[in-house]
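# Secondary and tertiary structure notes
One-letter residues, chain by chain:
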Amino acid sequence: MVAGFPVDAGDCLISFDRLHYGKLAAGEGGRVPAYAGYEVTRRSQGIDPQTERLLSPLRVAGLRRFEPDAIDIDSRGAGCFIARATAGNIILMRTRFRPEDGEGGAGRLHQQSAIWVGSFESWRRNPAACLAVAAQELRADPDHALERDALRLNDAPLRWRVAQPDCAAVARIVERAPWAHAMLRLLVEEAESGADSLLDFGAADFPTEREFLAAVGFALQFLPTAYPRWAEISVASGFAQSLPGLCLRYSPSWRQARAAA
């Protein structure tokens, strides 16, 4: 079983290259050594330089500066999540600020980001699987200072064999869920507009980020692959800013339902 999807011979393979940006950690609790500065701490061997330039946390988030208040207060432990398409790829990012004296410490904060990049076609055909795997596996944890650079900077791609959701089952879920009506209404009404549009959800809509990402995955799975604005769809959780295009966003600190509006 992978992220809630049963595995069998008819399943498909999804693959992500990864890039970690932040500071190396060592010792108990993941303390940052005095010599450690900001750098790329892990890179898959398949990422080319042209793609890597698009993978900085600032560019993925569309910010000039990334400060802790860009992350919803109830998401600052695990960090915020962003999924968006760029240059023919789907980029999934988890980023947070952690203390330099280790998890649970009180030291100076530093940014730690984990970024996955996969094919846009995998995203368009398997959004539910991509989001389910990310919800379960994508963590903004520091790499260990004792691991050799040659291994960390020439990493193998991440691969999962996942089952595509049954179309009839997806349709039954989407037809009955109020959140699906709100999401699909936005996507249908803005299909040809070219305008930016944001749909917000809060804790009254979904108790956890994982449930929000599962819901978005099912709603997007319902879209035809010919939908004209697939490349402009973005998903955010715990991110205080809006993303361009058609953005579905979850903020756990919002206690009132937003989608009903």
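What this report covers is the structure whose coordinates are included nearby. In this text, all values refer to a predicted model and were calculated from it rather than measured experimentally.

Here we come to the overall build of the protein. Tallying secondary structure elements over the protein gives 8 helices and 9 strands in all. For the protein, the spread of C-alpha atoms along the three principal axes comes to 55 × 45 × 35 Å. Of all 261 residues assigned to the protein, the portion counted as buried reaches 52%. Taking contacts inside the protein between residues at least 6 apart in sequence as the whole, the part at least 24 apart equals 69%. With the model as given, the accessible surface of the protein reaches about 12,200 Å², and the carbon-plus-sulfur share is 50%. If you average the places of the 30 positive and of the 32 negative side-chain charges in the protein, the two averages end up 2 Å apart.

Time to look at the packing of helix α6 (residues 167-176) against helix α7 (residues 178-189). Two numbers describe how α6 lies on α7: the axes approach to 5 Å, and their chain directions differ by 95°. Judged by the angle between their axes, α6 and α7 are roughly perpendicular. Note on element contacts: α7 touches α6 through P178, W179, A180, H181 and L184, opposite I173, V174, E175 and R176. Tallied by class, residues from the contact of α6 with α7 come to 6 nonpolar, 1 polar and 2 charged.

Attention shifts here to the side chain of R229. You can see R229 is positioned in the loop between α8 (209-221) and β8 (233-237). Leaving out residues up to four positions away in the same chain, R229 has contacts with E190, A191, S193, G194, A195, G245 and L246.

Let us now look at α8. Across its 13 residues, α8 extends 18 Å between first and last C-alpha, which sits within 8% of the 18 Å expected from 1.5 Å per residue. For α8, the complete set of buried residues consists of E209, F212, L213, A215, V216, G217, A219, L220 and Q221.

What follows is about the pairing of strand β6 (residues 158-162). Only one face of β6 is covered, namely the one carrying L158, W160 and V162; the face carrying R159 and R161 has none of its residues buried. Pairing between strand β1 (residues 12-22) and β6: 5 bridges, direction antiparallel. Each bridged residue has a counterpart across the sheet, and for L13 the counterpart in β6 is R161.

To continue, consider the packing of aromatic side chains. According to the stated counting rule, one finds 13 aromatic pairs in the structure shown. On the basis of an interplanar angle of 80° and a centroid distance of 6.4 Å, the ring pair of F206 and Y250 is categorised as edge-to-face. Taken together, the positions of F206 in the loop between β7 (197-202) and α8 and Y250 in strand β9 (residues 246-251) put the pair 44 residues apart, joining distant regions of the chain. Judged by centre distance (5.2 Å) and plane angle (15°), the ring pair of F212 and Y250 falls under stacked. In this pair, F212 is assigned in helix α8 and Y250 in strand β9, connecting sequence segments 38 residues apart. A residue is classified by how much of its surface remains accessible, and F212, at 0% relative accessible area, is buried. Taken together, the ring pairs connect W179, F201, F206, F212 and Y250 into an aromatic cluster. If you follow K23 out to its NZ or CZ, it ends over the ring of Y38, 4.8 Å from the centre.

Here we come to the side chain of R98. The residue R98 is located in strand β4 (residues 89-99) in this model. Overall, R98 belongs to the buried group, its relative accessible area being 1%. Here G29 takes part through its backbone oxygen, which lies 3.5 Å from a polar atom of the side chain of R98. Of the polar contacts made by the side chain of R98, one reaches the backbone oxygen of G30; its length is 2.9 Å.

With respect to the helices and strands, the residue S251 is situated in strand β9. Given the relative accessible area of 2%, S251 is considered buried. Placed 50 residues apart in sequence, S251 and F201 show a C-alpha to C-alpha distance of 6.4 Å. What S251 contacts, discounting residues up to four positions off in sequence, is D72, F201, G202 and A203.

Let us look at unusual backbone geometry. Phi is positive for A87, which is not a glycine, with a value near 50°. Among the secondary structure elements, A87 is positioned in the loop between β3 (80-86) and β4. Accessibility expressed as a relative area gives 61% for A87, which makes it exposed.

The rules behind the values
- Residues numbered from 1 in each chain as written.
- Predicted model: local features only at pLDDT ≥ 70, side-chain atom pairs only at ≥ 80, totals over all residues.
- Heavy atoms only, no water.
- Helix = DSSP H or I, 4+ residues; strand = E, 2+ residues; numbered from the N terminus.
- Buried < 20%, exposed > 50% of the residue type's maximum accessible area, 1.4 Å probe, protein only.
- Contact = heavy atoms within 4.5 Å.
- Areas by Shrake-Rupley, 256 points an atom, 1.4 Å probe, with all protein chains shown as cover.
- Lys, Arg positive; Asp, Glu negative; His and termini not counted.
- Charge placed at Lys NZ, Arg CZ, Asp CG, Glu CD.
- Axes fitted to C-alpha atoms, helices over the stretch in contact; angles between N-to-C directions.
- Parallel < 35°, antiparallel > 145°, perpendicular 65-115°, else oblique.
- Nonpolar A, V, L, I, M, F, W, Y, C, P; charged D, E, K, R; others polar.
- Expected span 1.5 Å × (residues − 1).
- Pairing = 2+ DSSP bridges.
- Phe/Tyr/Trp six-rings, centres within 6.5 Å; stacked < 30°, edge-to-face > 60°.
- Lys NZ or Arg CZ within 6 Å of the ring centre and 35° of its normal.
- Polar contact = N/O pair within 3.5 Å; in protein donor to acceptor, adjacent residues only side chain to side chain.

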